[in-house]
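# A closer look at the structure
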Amino acid sequence: MNTGSRPSPPRARRWPVPGRRGRRWLAITALLLVLAVLLIVLFDWNWFRGPIERTVQARTGRELHIGHLDVALGRTTTVRANRLTFANADWSKHPQMASVARAELDIRLWPLLRGRVQIPEIRLNDPDLLLESATAQHPGNWVFDQRGGGSMPALGRLLVHQGRLRFVDTAGRTDIDISVNSLAATQGDAAPPINIAGKGRWKGYPFTLKGSTASPLELSQTEHPFRIDLRGNAGPTRTHIRGTLTHPFQFQTFDLQMLLTGNDMEDLYPLTGIAMPSTPPYRLDGRLSRNGDIWRYADFTGRTGDSDLAGTAQIDVSGKRPKLNADLRSRQLDFDDLAGFIGAPPKTGTGETANAEQKQQAAKLAAGHRLLPSTPYDLSKLRAMDADVRWRAQRIHAPSLPLDDMDAHLTLVNGLLELQPLNFGVAGGDIRSTIRMDARNAIIRTQLKASVRSLHLGQLLPDAKLAKQASGAIAGEIDITGKGNSVAAMLGTADGNIALGMGRGHVSNLIMELAGLDVTESLKYLITRDREIPLRCAFADFGVRDGVMSTRSMAFDTSDTIILGEGRISLKDESLDLLLRPRPKDRSILSFRSPLRLGGSFKDPSFRPDLKALGTRGAIALALAVIAPPAALLATIETGPGQDSDCGGTYAR
């Protein structure tokens, strides 16, 4: 064996040379490829415009027009179309629903051969879309007469340049013009978001809108949440919504965080159809969601005027009238923030919150002679919706009133409003009431029933020193009915009964001596110190007829003095005319023993001695002074003729 020999190199592979028939097939194949390329290059794709337009019209019932069509074939084929227009619904006055100056669609070719349509990107230049809402018979021009089936294509990115969207609701006095442009895509965005900015009128109010949404291509993915972040202003009402929509074209399900601010909740009625009383400026933030016919504003927090407000509100629009259900809570409620419920403005002094219109209303009310609110209730609002609302306030801020807390339950059904209960903690006790307002007729008929229980006398007195020396529990019953469309009109026609009373307790002797104008005794207590005296009983019983309260019996009885009262209080003209007759039970050298007249008006009351009686005794004193000064004092000696009132017979235990 020759180990040093080298292996022979391998022979080069030789391809077989085609014969005459093979060369002929190669030539035919090359010719066909050249013809195919020439056909693709030279083919007029506009031939497909007619079939596409007819297919769209057959599917939607609307006419589509394509100005020019071109196709660039490849693994991802690009379809270009210029001057596209899409017809509007036949009931619209506007002939076109949409138009696009230029549209480009990228379509993947191989999935198309398997029956799947994949469009990775759409580019639109100068698109113009009109959305119109008309009547119940024509809910919107975006509802098509669909005459064919088929699945939605898989859509990817949408790029919009100088787009325009207009929404018109003639019946709802709404016309909004919005510009639409794609933003730069961020990392992780399959489709760039859309920037939105627009203005117009919403429900007749000037309206602006700005913000961003996810790519409109996500609208086709009905189960995929559609992200939005928008800020809108409608007149003085402002909102900021952010979150997601599911089935956004149907607008049936969504979950959004909504910040709502405004000058007055009453302004929400023309915007939403939900009737609210007038309120001071407010700011609320909570979760807004919708599930079919149920709208829910959950776990909101914020402020209304100078009160905090939290809770959950729900609107059901499935019935003949929308129904509001709400559970509201306030840790501290500013009492004057409730003024809108009775047609009055809130307080507008230093540190108080009110809008400009409420300040004007308060100034006008302050300049007038009346105190009771005369602003009429809007009957259309009371009949526009139903409601079931519970509101609890842990504390009430009311500097001039000893209010502690509140528990209110309001129901409204077809114009019949009931507050049952409307309870206030007052001066350590409570006032439990029910109010029934029947607004089903042209004139509201109102009934008020209230029970006063265990109001502490000391807490009702504004002076802290006198309050410490007063004790006793006040109770009573109120049962009145009235007719009228304002609080003033209701009280001005009231009929019924009002009675208040108090059993045993203590009061400051200074109060009693001042009430009896016993100058000597009053000065003594002012110079030295006051003392407590036992209170046997006190009561005031009024019959109410056509807005006038007339005393049936009135007495305030202590061991020192008994005060008897008589007269009238007119709720109709807001006037006072009560005569109080003090009868001291002790002897005092300077006691004038004169009746006191409570007169004037609710807004400007007066409390003074009866001038005629006081003047007569003063004249006698002056006449005696001419003769001998010491003798003049004799006319002021009080023998104490007052007798104990029969409290036991008045209030049976």
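Described in the following lines is the structure provided in the data block. (Residues numbered from 1 in each chain as written. Predicted model: local features only at pLDDT ≥ 70, side-chain atom pairs only at ≥ 80, totals over all residues. Heavy atoms only, no water.)

### Structural notes on the pattern of salt bridges
Under the definition given, this model contains 22 salt bridges. Between aspartate 106 and arginine 123 there is a salt bridge, with its nearest N and O atoms 3.1 Å apart. Of this pair, aspartate 106 sits in strand S3 (residues 96-108) while arginine 123 sits in strand S4 (residues 118-125), and the two are 17 residues apart along the sequence. According to the relative accessible area criterion, aspartate 106 is buried, its value standing at 13%. If you follow the salt bridges from partner to partner, you end up with Arg80, Arg102, Glu104, Asp106, Glu121 and Arg123 in one network. (Salt bridge = Lys/Arg side-chain N within 4 Å of Asp/Glu carboxyl O. Helix = DSSP H or I, 4+ residues; strand = E, 2+ residues; numbered from the N terminus. Buried < 20%, exposed > 50% of the residue type's maximum accessible area, 1.4 Å probe, protein only.)

### Some thoughts on the packing of aromatic side chains
Applying the stated criterion to the full structure yields six aromatic pairs. Pairing tryptophan 45 with phenylalanine 48 gives two aromatic rings, centres 5.7 Å apart and planes at 25 degrees, and the pair type is stacked. Here tryptophan 45 falls in the buried class, since its relative accessible area comes to 15%. Here tyrosine 297 and phenylalanine 300 contribute two aromatic rings whose centre-to-centre distance is 5.2 Å and whose plane-to-plane angle is 15 degrees, an arrangement assigned as stacked. With respect to burial, tyrosine 297 and phenylalanine 300 carry one shared label: buried. The rings of Trp45, Trp47 and Phe48 are connected pair by pair, giving a single aromatic cluster. (Phe/Tyr/Trp six-rings, centres within 6.5 Å; stacked < 30°, edge-to-face > 60°.)

### Some words on the nonpolar core
If you look at the biggest cluster of nonpolar residues, it comprises 85 residues, and the most contacted ones within it are Leu324, Met406 and Ile444. For isoleucine 444, the contacting residues outside a window of four places in its chain are Tyr377, Leu379, Leu382, Met437, Asp438, Ala439, Gly482, Lys483, Gly484, Asn485 and Met490. Of all hydrophobic cores here, the second largest spans 15 residues; its members include Ala494, Ala540, Ile569 and Leu580. (Core = buried A, V, L, I, M, F, W, Y, C linked by side-chain atoms within 4.5 Å. Contact = heavy atoms within 4.5 Å.)

### Section: the side chain of threonine 446
Assignment of secondary structure puts threonine 446 in strand S22 (residues 445-456). By relative accessible area, which is 11% here, threonine 446 ends up buried. Ignoring any residue separated from it by four or fewer positions in sequence, one finds threonine 446 in contact with Ile435, Arg436, Met437, Ile480, Thr481, Gly482 and Met490.

### Re helix H2 (residues 49-60)
Spanning 12 residues, H2 covers 16 Å between terminal C-alpha atoms, matching the ideal 16 Å at 1.5 Å per step. Buried residues along H2 sit against strand S1 (64-72) and strand S2 (76-87). Just beyond H2, the residue with positive phi is glycine 61, at close to 80 degrees. (Expected span 1.5 Å × (residues − 1).)

### Overview of unusual backbone geometry
For the bond running from glutamine 420 to proline 421, omega is 5 degrees, close enough to zero to count as cis. Along the chain, proline 421 turns up in strand S20 (residues 416-426). In this model, aspartate 126 sits at a positive phi of 55 degrees, which is unusual for a non-glycine residue. Within the fold, aspartate 126 resides in the loop between S4 and strand S5 (128-133).

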